[in-house]
Amino acid sequence: MRRKGAAAAVVWVSFGLGLGLGPACLERPIGAVDPVTTNQLVARISQSRVDKIDLLFMIDNSRSMSDKQAILRLAVPDLVDRLVNPVCVDAAGNPRETPAPGAPCPTGQNREFNPIEDIHVAIVSSSLGDAGADDQCAAAGLQGHVPERSDLAHLMGSLPRGAGTGANAQGFLEWKAGTTEAAAFSANFARMVETVGENGCGWEASLESWYRFLVDPYPYRELTRVPCANSPSELRNCVQPATDANQKILLDQTLLDQRAAFLRPDSLVAIIMLSDENDCSIQVGGTNWFVANTGRRMNRGSSACEADPNAKCCYTCGGRVPDGCAEDPVCNSDTSSDRIEDRLPLEADGTNLRCFDQKRRFGTDLLYPTARYVNALTALELCWSAPDLSLDNCPDGGRVRNPLYATGRDPSFVFLGGIVGVPWQSIASGVDANGRPLSDPSKQLRFKTPEQLTADNTWAEILGKPGTPWRPAAGAQAEVAAVPRTLPTNPLMIESQGRRQGVLDGNPVNGRDYDTAQGMTADTPNDLQYACIFPLEPPRVCESTDPNSTCDCTAAAFDRPLCERQPGDASPGTTQYWAKAYPGLRQLQVLRELGTNSIIASICARNVDITTRDTRPDFGYRPAMDAIVDRLKERLGGRCLPRALLADAEGSVPCTLVETVPNPDKPCACDASIARARPVALVDTLVRAELARQLSQPCGSDDPACSEACLCEVLQVQAANPDPEEALRACREDENPSGVEGWCYIADTERQQIGKPELVAECPATQRQILRFVGAGLQNNTTTFVACTGASFDPQQASLDPPP
């Protein structure tokens, strides 16, 4: 066997790798690994043989969601169809006709990715109860319990109301190519969405619900009341998960069994949230349940909170005054009392306002920090007891492996999408997936990618510029050097009770702002302004006078733009013409922080005319489904290298690919395959150092330097096979090479013709180069790195600039 050497010159470049089915793509930055001085550049590459997807929908089941759920029911068949029967694309990446399943594309075209033959589809609702308040969303067995208000992230198909949806014993749908009938699958999903309903808990835990099902290492079975720690009172005013005699949490085994059945170790995972309100994931524990107790008004925040919620002297009236702060005159200094003056007035404390701007209004934030959900999707280890799951100052025994990644899944194969409250006009892109202007913008709607949202500053428009959010320290309010987070520049995305400056009457996005407190009583609390509205087809005649009706136009006295035939028309009536959505700021915050593995779409559909369902690409949530597929296909198919490599006369490129198993459960055996070998000492050192830097020590607290990880080099075919020339020819030219192991480089550009052009025909004209893996290829459940010399890149290709 022969091993090719590497060139000595160093040329600094930035690129990255991501491997899907067969070929590979470059997309992540490569940099030198300090403190070693070397001409080797090392970067992590994402790899997996993705042939299965686990698709989880989190669907808000609170009031006003039935109209959005109906649109989703029509859209998901499009999503499944695109995954199992991908469209054909030409050499320039233009989508063409979709042939019958299994049929070949016309000459000169290829599928945009290999069809997915194995899909799990599940639904959880936003109803997790009320954090132990047992008020409007009481737990099972208690007075006032309504099952739909406490689903506890159990899969919809497993619940009594989910019967008859075609779900398996664990509550989800299964797509198997060749055995599942498409029409029946779509009908079952539609029935499952319909069973979600809109009678759920009003404290919409849109983020915590999917976290509980997919990630929570110790999901509680039930909550219990206990006396508060360090309190002289014997009243059971604090909430905690119920425990056994050994003080171990009683786990929700039903959920864990469903998770184990649904989540495969080698699948791509996609989470799609559908919600028309901001997230309200209340922290479970202590007295946080007070915020869900509608029978008692919330205490106000001190005057310092109004100016700066991050200020040290921002505290809850009636609570302890922080050290170094003067008693606030708006608060009662007697902490033993419970006077009414410390509480918010009714008009500022309606039920619909309890999850809004908490730190400023209440002096404390009772929701989980959004960093919790970013860490849940990116970190390989979590501090399960920390609200944000961060490993910083994690107590002994607090570190746990993230269940999403415990079996070796790479974080780049986990995606989060949000179909949430943001105007479609704000996130609409003028170009297609290949960067070309849309051919017919009047009928096409495409949402911006995370990269586009960042490049053109849309994030500042819909979310504001990032700042330092207030985060409580363990046991006390933390003093932080905070940089205030700015408000969105688009006034429609500002959460507000009152009318917002810059929102015009009769505008086409949200109609207008209105008096949210009009007609308010104790039973009809006030509301927030809308981010966007969209036509309700057909309109609803609100016959009921019940203020709790899900119809928004029950009384003409409620001056809502939803009740006007056209924005700006005469006085509203009792017919609802428009559906609504509020700013989905917390969901958007998580999506922004997650970055490239996020998908952003508007719940306010541009076109809901059912007669255009079969003819218009902008119908309903079809643009959202297209955005999901456009993002997922970067992992489903073989994306192409954006920059050419330089091969030597014998066809080798001076790059080393190293598979790593961070936590091996058996001895490292690189010699078990002819395409594997132990990496040389320098590469071994560099890769272990890089592995240890990735995502909070993925090798675990017992092996922070990753010295116990198993590292195997994957050889190029010339070095792995007895006949190097024939192996290289087969890898580069044969459609299905037999008896060949390893990888090779193929290119078909103006400057390089290496291998069979058909093998890179699916690549864009400027990126027709791939790394092709043959034989056993890359193994599942490994983390793979590439080590290259700078001289391996074509210096005449200037598609990426060198770093400064």
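Everything that follows concerns the structure shown earlier in this document.
Residues numbered from 1 in each chain as written. Predicted model: local features only at pLDDT ≥ 70, side-chain atom pairs only at ≥ 80, totals over all residues. Heavy atoms only, no water.

Draft legend 1. Seen up close, the state of the cysteines. Under the defined criterion, the tally for this structure stands at 14 disulfides. With a sulfur-sulfur separation of 2.0 Å, Cys305 is cross-linked through a disulfide to Cys314. When the S-S torsion is 105°, as for the bridge of Cys305 with Cys314, the disulfide is right-handed. For the residue pair Cys305 and Cys314, the accessibility class agrees, reading buried in each case. (Disulfide = S-S within 2.5 Å. Buried < 20%, exposed > 50% of the residue type's maximum accessible area, 1.4 Å probe, protein only.)

Draft legend 2. Spotlight on helix 1 (residues 66-84). Over its 19 residues, helix 1 extends 28 Å from the first C-alpha to the last, a length consistent with the 27 Å expected when each residue adds 1.5 Å. Of all the bends in helix 1, the greatest reaches close to 30° and is centred on Leu74; the proline Pro77 follows between one and four positions later. (Helix = DSSP H or I, 4+ residues; strand = E, 2+ residues; numbered from the N terminus. Expected span 1.5 Å × (residues − 1). Bend = angle between axes of the 7 residues up to and from the residue.)

Draft legend 3. Region of interest: the sheet that holds strand 25 (residues 769-774). Across the sheet, three strands lie side by side as 24-23-25; this open sheet has antiparallel pairing. If you trace the sheet from one side to the other, it starts and ends with strand 24 (753-754) and strand 25, each paired once. The pairing of strand 23 (residues 742-748) with strand 24 spans two bridges and is classified as antiparallel. Opposite Asp748, over in strand 24, you have Gln753 as the bridge partner. Sheet contacts for helix 15 (residues 724-733): strand 23, strand 24 and strand 25; angle to strand 23, the most-contacted strand, approximately 55°. (Pairing = 2+ DSSP bridges. Contact = heavy atoms within 4.5 Å. Axes fitted to C-alpha atoms, helices over the stretch in contact; angles between N-to-C directions.)

Draft legend 4. Examining the packing of aromatic side chains more closely. Within this structure, the stated rule accounts for 11 aromatic pairs. Ring centres of Phe57 and Phe189 lie 5.3 Å apart, and the angle between their planes is 55°; this geometry places the pair in the tilted category. Of this pair, Phe57 sits in strand 4 (residues 52-59) while Phe189 sits in helix 2 (residues 182-196), and the two are 132 residues apart along the sequence. This pair shows no difference in class: Phe57 is buried, exactly as Phe189 is. A ring pair is formed by Trp743 and Phe773, whose centres lie 6.5 Å apart and whose planes are at 40°; its orientation type is tilted. (Phe/Tyr/Trp six-rings, centres within 6.5 Å; stacked < 30°, edge-to-face > 60°.)

Draft legend 5. The environment of Ser707, seen in detail. Its location among the elements puts Ser707 in the loop between helix 13 (681-693) and strand 22 (710-714). The partly exposed category is assigned to Ser707, whose relative accessible area is 45%. In this structure, the C-alpha to C-alpha distance between Ser707 and Ala692, residues 15 residues apart in sequence, is 9.0 Å.

Draft legend 6. Structural view of the nonpolar core. By size, the foremost hydrophobic cluster in this structure holds 110 residues, and its most contacted members are Phe57, Trp210, Leu588 and Tyr621. Here the element with the most residues in this core is helix 1; it accounts for eight residues. In terms of nonpolar packing, the next biggest core, distinct from the first, is built from 17 residues, Ala131, Ala133, Cys355 and Phe362 among them. (Core = buried A, V, L, I, M, F, W, Y, C linked by side-chain atoms within 4.5 Å.)

Draft legend 7. Fine view of unusual backbone geometry. Omega for the bond connecting Glu537 with Pro538 falls within 30 degrees of zero, at -10°, which places this linkage in the cis form. Looking at the secondary structure, you find Pro538 in strand 17 (residues 532-541). In this structure, Ala131 takes a positive phi of about 60° despite not being glycine. Locating Ala131 in the fold gives a position in the loop between strand 7 (118-125) and strand 8 (173-176). Residue Ala131 is classed as buried on the basis of its relative accessible area of 8%.

Draft legend 8. Summary view of the packing of helix 3 (residues 206-214) against helix 4 (residues 253-262). For the pair helix 3 and helix 4, interaxial distance at closest approach is 8 Å and the crossing angle is 80°. As summarised for this structure, helix 3 and helix 4 are arranged roughly perpendicular, according to the angle between their axes. On the side of helix 3, the interface is formed by Arg212, Phe213 and Leu214, while helix 4 contributes Leu255, Gln258, Arg259 and Phe262. Of the residues belonging to the contact of helix 3 with helix 4, the class tally is four nonpolar, one polar and two charged. (Parallel < 35°, antiparallel > 145°, perpendicular 65-115°, else oblique. Nonpolar A, V, L, I, M, F, W, Y, C, P; charged D, E, K, R; others polar.)

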